[in-house]
Amino acid sequence: MRCYILTLLLLTSLFSVGCITSSMPDDQVDTNESLEDFPLNVISPTLGRDVDITTNYNLLDQANNRSTLILWVGAGCSGCHDWTQMLRSELENGNFSNESHIVTIHRYPKFESTTQVYNVYGNESSNEYAPWPILMPQDGAFVWNAATGDLTDVKLTDAFDNPVTPTLQIIDSEGFLIWQSRTYWADTNVIEEISTVLNML
């Protein structure tokens, strides 16, 4: 099933816009499985709010056999603010199901404090408030092997293709990275891609 989805997305990418980075053309789409040869899991501290569910979040356990949309952010990243606002709006407008599993992962723990992240994404009075779990991994945190349940010696950021901010990724219920976009500013075309992928799974 995963191979079918990847093939379809690769064909779709020939005709549609997608992700960008500072070194990618604006219309390049990046779709791939995990760079590792094992399924991935993230177990990480959170901001500790009610919507974070727990202080130590197990991504696949909390996904409950659903795919997960991940948004990698920095506190001072304008594109991350833009994407957070659009994703929240899509949820509020019913364009994403309330059952959608969305998490934000803080990308730069070495340079930004928990307080900075909370003030931007965790505070309900903030324009960039994220009403879904926010994961706060430590600098140099390692990824877990979802198949064995063991902690690996692979850094979390390496396992997830060294995401810039913002980066959006979809990890399937088994722990394989199946889609990503590095489009800097929120884009309805990318939202449509996300919906398409999530609805296939």
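Note that this is a predicted model, so its numbers are computed, not measured.

Calculation rules
Residues numbered from 1 in each chain as written. Predicted model: local features only at pLDDT ≥ 70, side-chain atom pairs only at ≥ 80, totals over all residues. Heavy atoms only, no water. Core = buried A, V, L, I, M, F, W, Y, C linked by side-chain atoms within 4.5 Å. Buried < 20%, exposed > 50% of the residue type's maximum accessible area, 1.4 Å probe, protein only. Helix = DSSP H or I, 4+ residues; strand = E, 2+ residues; numbered from the N terminus. Contact = heavy atoms within 4.5 Å. Polar contact = N/O pair within 3.5 Å; in protein donor to acceptor, adjacent residues only side chain to side chain. Pairing = 2+ DSSP bridges.

J.: How should I be thinking about the nonpolar core in this particular structure?
T.: Within soluble globular proteins, side chains that are nonpolar generally end up buried alongside one another. Counting residues in each nonpolar core, the largest one holds 29 residues, and the members touching the most others are L69, L87, F96, Y121, L168, W179 and I194. At the level of elements, β4 (68-73), α3 (78-92), α4 (114-122), β9 (167-171), β10 (177-181) and α6 (188-200) are the ones that each hand at least two residues to this core. By residue number, the principal contributor to this core is α3, which donates 5 residues. With residues near it in sequence (within four places) discarded, F96 still touches L69, L87, E90, L91, I102, I191, I194 and S195. Counting residues in each nonpolar core, the second largest holds 17 residues, with L40, L59, W72 and L135 among its members.

J.: Got a minute to help me understand the side chain of R49 in this structure?
T.: Turning to its location among the elements, R49 is positioned in the loop between β2 (43-45) and β3 (56-58). A residue is classified by how much of its surface remains accessible, and R49, at 12% relative accessible area, is buried. Engagement of the side chain of R49 in a polar contact is seen with the backbone oxygen of A130, the distance being 2.9 Å. In terms of polar contacts, R49 uses its side chain to reach the backbone carbonyl oxygen of W132, at 2.7 Å. Those residues within four positions of R49 in sequence are excluded, and the remaining contacts are Y118, Y121, G122, Y129, A130, W132, P133 and I134.

J.: For this particular structure, what's the right way to read the pairing of strand β7 (residues 142-145)?
T.: Side chains on a regular strand alternate between the two faces of the sheet. Of the strand pairs in this sheet, strand β1 (residues 40-41) and β7 are connected by 2 bridges, and their pairing is antiparallel. Among the inter-strand pairings, L40 is bridged to a residue of β7, identified as N145. Where β7 lies against strand β8 (residues 150-155), 3 bridges are found, and the strand directions are antiparallel. Looking at the pairing, N145 lines up with D150 of β8. In this structure, the hairpin formed by β7 and β8 is closed by a connection of 4 residues, where G149 is found at a positive phi of approximately 80 degrees.

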